[in-house]
Each structure stands twice: as structure tokens, then as C-alpha cells.
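# Close look at the chain arrangement
Residue-level listing of the chains:
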Amino acid sequence: AQFELGELAEGTYLLKAAAVDRDGNRAPELWRGFAVDGAAPKVVRVSLAPDPVTLPGPATILVEVDDQPFGEVREVVVEVAGRKLSGPAVRRLAAIEWDLKDGQGRYVTAGKIAAKVTVVDFVGLSSEAKADLTVRGEAPAEGEIPLRLDPPKPVSASSPIAITGGTKPGAEVELFVNGRP
């Protein structure tokens, strides 16, 4: 079948197709995004959580894109400290985990770090933005392993909880639960 959509204004659209036969049987719905005149999603904000982040430690890079209807952003890629990080977009926001290391596996140095963000929609249109992210603290010394805790999985109140982690050999570790040792 062929349908005329008429004249469409510049923008991004989401097309839904549904088929029902004479007996009332429905086929699965199909969804397709398309753009008219090249309207690509735009980056609104790039930030770190926590902000500013302190070394050593992990961070989450949050990328917010403009209010494109129906969440047609397909991919978000962040280039920071010589490293490409990517993650799927959830509607208008992407949350990308970053362990604060550069492209060679070394911790970045404190200060402003330039990030380049590329956002791609479902029809392949993309846009780029630049942002400065602030990192505080000092990178661990060469060969030092920073403290790491693997978060416990959700458990019931009666189940034992195992917490695993690691740091450099010979270091003392204190564990606090709700502020109590």
C-alpha cells in the first residue's frame, strides 16, 4: 500500500503502521522514525554525577538532548580524555559510566577535561557538542589500586549480604553501614 502524507513541516516524525485482516487478526505494530529537512537532535547539557567528580573513583556522564518526540535518539557517544564512551539514550537522557581513565588506561589529571558529544537519531542524522567537565583530586600513584567496592545485589531482609572489593596490598579498609563501622 502507498499513502500520501501531504506536506510536512521540518522536524522529526514517528510513523506507526498497524494491520488488521478481515477476521480481526492484528499484525505486530511497526514503528519507524524519519526526518524532514535534516532536523537532528541537539545536545542541551553535558554534566558529571557527582559534579564535580573527585579522583580516584567512577563517574557518570549525563547527556541531555532536546525534546525530540517519542525518544528517537538511538546512540550517544562521548569522547573524553582520548577515549570513546557510548551508551543508549533513554528518551532525552543518556547516562554513560566512566572510570576516569584515559585512552591508555591511566587516571586523568584533575582540572577541566574537554568532552565531545555526538548524538545520532534513528534515521542516522547526528549532531555534535563540546563541554568541559571538572575533575578534582589526585590520580592514584603508578601501580596503586584504588579502593573498589562491588555493590551488593538487591536481597531480602533475611538474606546474608556479601560485599567484595579490593585495594593495594597491606592497606587497611574500614567499612561503614549507615555511618556505623
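Report follows, based on the coordinates.

Calculation notes
Residues numbered from 1 in each chain as written. Predicted model: local features only at pLDDT ≥ 70, side-chain atom pairs only at ≥ 80, totals over all residues. Heavy atoms only, no water. Helix = DSSP H or I, 4+ residues; strand = E, 2+ residues; numbered from the N terminus. Buried < 20%, exposed > 50% of the residue type's maximum accessible area, 1.4 Å probe, protein only. Contact = heavy atoms within 4.5 Å. Pairing = 2+ DSSP bridges. Axes fitted to C-alpha atoms, helices over the stretch in contact; angles between N-to-C directions. Core = buried A, V, L, I, M, F, W, Y, C linked by side-chain atoms within 4.5 Å. Patch = residues over 30% accessible without salt bridge, like charges linked within 9 Å, V, L, I, M, F, W, Y side chains within 5 Å. Areas by Shrake-Rupley, 256 points an atom, 1.4 Å probe, with all protein chains shown as cover. Salt bridge = Lys/Arg side-chain N within 4 Å of Asp/Glu carboxyl O.

Let us look at the overall build of the protein chain. Helices and strands together make up the secondary structure of the protein chain, namely zero helices and 12 strands. In sequence order, the secondary structure elements of the protein chain are arranged as β-β-β-β-β-β-β-β-β-β-β-β. Taking all 181 residues of the protein chain together, the buried fraction comes to 27%. In the protein chain, once contacts between residues fewer than 6 apart in sequence are set aside, the share between residues at least 24 apart is 50%.

Read across the open sheet, the three strands follow the order 3-5-8; overall the sheet is antiparallel. The sheet terminates laterally at strand 3 (43–49) and strand 8 (93–98), the two strands that pair on one side only. The mean angle between the axes of side-by-side strands here comes to 20°, regardless of whether they run parallel or antiparallel. Sheet topology note: the strand 5 (residues 59–65)/strand 8 ladder contains six bridges and is antiparallel. For Thr-60, the partnering residue across the bridge sits in strand 8 and is Glu-97.

Right, let's get into the nonpolar core. Of all hydrophobic cores here, the largest spans 27 residues; its most connected members are Ile-61, Val-63, Val-76, Val-78, Val-80, Trp-98 and Val-117. Here Val-80 is in contact with Ile-61, Leu-85, Trp-98, Ile-113, Ala-114, Ala-115 and Leu-133, once residues within four sequence places are set aside.

On the surface, a cluster of nonpolar side chains totalling about 240 Å² of accessible area is made up of Leu-5, Leu-8 and Leu-15. Tracing the sequence through the fold places Leu-15 in strand 1 (residues 11–17). Residue class for Leu-15 comes out partly exposed when judged on its relative accessible area of 41%.

Moving on, we come to the pairing of strand 5. Of all seven residues in strand 5, six are buried; the element is thus mostly enclosed. Two elements, strand 3 and strand 5, share six bridges in a ladder whose sense is antiparallel. From the neighbouring strand, Leu-48 faces strand 5, where its bridge partner is Ile-61.

Pairing within the open sheet is mixed, and its five strands lie in the order 4-10-9-6-7. Strands with a single pairing partner mark the edges of an open sheet, and in this sheet they are strand 4 (53–54) and strand 7 (83–87). Here strand 9 (residues 111–121) runs beside strand 10 (residues 126–136); their pairing, made up of 10 bridges, is antiparallel. The partner of Gly-111 across the bridge, within strand 10, is Val-135.

For the structure shown, the criterion picks out six salt bridges. In this structure, Asp-102 and Arg-106 form a salt bridge, with 3.3 Å as the shortest nitrogen-oxygen distance. Between Glu-128 and Lys-116 there is a salt bridge, and its shortest N-O distance comes to 3.8 Å. Here Glu-128, found in strand 10, pairs with Lys-116, found in strand 9; they are 12 residues apart in sequence, far enough to count as distant. Judged by relative accessible area, Glu-128 falls into the exposed class, the value being 55%.

Geometry only, nothing functional implied.
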